[in-house]
Amino acid sequence: MEAYFDNSATTRVLDSVKDIVVRTMTEDYGNPAAKHRRGMEAEQYIRAARSEIAKTLKVLDKEILFTSGGSESNNLALIGGALANRRLGKHIISTGIEHPSVYRPLEYLAELGYEVTFLPVDGDGHISLAQLRDTVREDTVLVSVMYVNNEVGAVEPIEEISRVVREKNPRTIFHVDAIQAYGKFVIRPKKQGIDLLSVSGHKIHGPKGVGFLYIRDGVKIKPMIYGGGQQGDMRSGTENVPGVAGLGVAAKEMYTGHEEKVAFLTGLKDYMTDRLSELEGVVINSKKGSQSAPQIVSASFEGVRSEVLLHALEEKGIYVSSGSACSAHHPGISGTLKGIGLPPRLLDATVRFSFGMFNTREEIDYCIGTLKELLPVLRRYRRG
């Protein structure tokens, strides 16, 4: 039996996504910039996907900019947003539990002379609204907060954060990394006061290598890729028609019967949490129900190194994560786990289980049975 519990790293594409990707690669393969019929057919796929995605957010079609994925969306929002709005100030606020595709661009901006303040989080992974209010200044150009933490599933109070920022400085731009939230939450940028929103396709059963950035109409962004002037001069280069088409289909599917899909994922999360609680020496770092994201369970296994457990499970056909897949090239102790105050003995003993639409309770039962066999052996081996 195989159990893939690493859906926050990437997901298997839906059949409908696969079908449209194949069609746009083998039949409707024109360049959307071309003036002939093949080009116009390709351009129609781009327009249809943009329209479908805009509907899921209740925003304008023109506010959706396609990118190569979440990392590019975050980089463009932060670097492009900061550089285009320097006259507003050079102070940026973020949190201590952001994804590398947020804090690395912020490190780059710091090298350019920007001042970056990273707010700490409490044991549940939430920032303090009072501390945020005290931190926003007249020269705060940008605030960037992730919607859902990719390691423990903590959900930030986005609308409240926006309200605090707006009350203190109405000119400050608010960016949200929604890469783990889109598809799992009903997101309304206009209502929630979001100016920039980053999304990745392969987290919602869409293709890899494609995503989008929502840019509220009127917000200035400096492009990072120059060339042929595609997408209104905001991102030059021939559009990834198969990827964009697949992303549009995945977005539509995830928001069709959305409540049922979220209930399904939450059910898997809660069931896994209950089953893990049966095991000795296991600490659950994620909340049940609606208190955290519906697809993520973080658990620490006392006396077992996360990488050892990961590979032991892999040998049994069970796939989990010991952290963010995107930080694999920069290994080290998770800033998120330290940020929520996890005891030192558990920092290197934590794995993430993340669910998608193809998972089953039977897979969870198989995983728990395997853990019951493996944990005593791995702990004995470590003591020895």
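Residues numbered from 1 in each chain as written. Predicted model: local features only at pLDDT ≥ 70, side-chain atom pairs only at ≥ 80, totals over all residues. Heavy atoms only, no water.

All right, on to the pairing of strand 12 (residues 350-354) then. The buried fraction of strand 12 amounts to five of the five residues, a majority that puts the element mostly inside the structure. Residues of strand 12 alternate between two faces, with Thr350, Arg352 and Ser354 on one and Val351 and Phe353 on the opposite face, all of them buried. (Buried < 20%, exposed > 50% of the residue type's maximum accessible area, 1.4 Å probe, protein only. Helix = DSSP H or I, 4+ residues; strand = E, 2+ residues; numbered from the N terminus.)

Here we have three strands laid out as an open sheet, ordered 9-10-12, and antiparallel in their pairing. The sheet terminates laterally at strand 9 (282-284) and strand 12, the two strands that pair on one side only. Recorded for the sheet is a direction-independent mean angle of 30 degrees between the axes of neighbouring strands. Judged from the five bridges that link them, strand 10 (residues 296-301) and strand 12 form a sheet pairing that is antiparallel. Looking at the pairing, Ile296 lines up with Ser354 of strand 12. (Pairing = 2+ DSSP bridges. Axes fitted to C-alpha atoms, helices over the stretch in contact; angles between N-to-C directions.)

Now for the pattern of salt bridges. All told, the structure shown has 22 salt bridges when counted by the stated rule. Lys190 serves as the salt-bridge partner of Glu63, at 2.6 Å between the closest nitrogen and oxygen. Note that Glu63 is positioned in the loop between helix 2 (37-57) and strand 2 (64-67) and Lys190 in helix 7 (residues 189-192), a separation of 127 residues in sequence. Classification of Glu63 as buried rests on a relative accessible area of 1%. Taking relative accessible area as the criterion, Lys190 reaches 43% and is therefore assigned partly exposed. Here Glu278 ties to Arg275 by a salt bridge, and the two come within 2.8 Å at their closest N and O atoms. Among the ionic contacts, a cluster of salt bridges with common partners joins Asp28, Arg37, Arg38 and Glu41. (Salt bridge = Lys/Arg side-chain N within 4 Å of Asp/Glu carboxyl O.)

It is worth spelling out the pairing of strand 7 (residues 196-200) at this point. Most of strand 7 is tucked away: five of the five residues are buried. Neither face of strand 7 is exposed, since Leu196, Ser198 and Ser200 on one face and Leu197 and Val199 on the opposite face are all buried. Judged from the three bridges that link them, strand 6 (residues 173-177) and strand 7 form a sheet pairing that is parallel. Across the sheet, the residue bridging to Asp177 is Ser198, located in strand 7. Two elements, strand 7 and strand 8 (residues 211-215), share five bridges in a ladder whose sense is antiparallel. Bridge pairing in strand 8 places Leu196 opposite Ile215.

This brings us to the confidence of the model for the protein chain. Residues at a pLDDT of 70 or more form 96% of the protein chain, whose mean pLDDT is 95. For residues 324-331, every residue scores under 50 in pLDDT, and the model assigns this stretch eight contacts once sequence neighbours within four places are set aside. (pLDDT = per-residue confidence, 0-100. Contact = heavy atoms within 4.5 Å.)

Here the focus is the sheet that holds strand 6. On the basis of which strands lie adjacent, the open sheet formed by seven strands has the order 2-8-7-6-5-3-4 and mixed pairing. Each edge of the open sheet is held by one strand with a lone partner, namely strand 2 and strand 4 (115-119). Pairwise comparison of adjacent strand axes, ignoring direction, gives a mean angle of 20 degrees for this sheet.

It is the contact of helix 1 (residues 15-26) with helix 8 (residues 241-254), at a shortest axis distance of 8 Å, that shows an interaxial angle of 155 degrees. Our classification of the angle between helix 1 and helix 8 gives roughly antiparallel. For helix 1 against helix 8, the interelement crossing comes out right-handed. Side by side, helix 1 and helix 8 meet where Ser16, Val17, Ile20, Val21, Thr24 and Met25 of the first sit next to Val241, Pro242, Ala245, Gly246, Val249, Ala250 and Glu253 of the second. Here the residues of the contact of helix 1 with helix 8 sort into nine nonpolar, three polar and one charged. (Parallel < 35°, antiparallel > 145°, perpendicular 65-115°, else oblique. Left-handed = near helix turned anticlockwise from the far one by under 90°. Nonpolar A, V, L, I, M, F, W, Y, C, P; charged D, E, K, R; others polar.)

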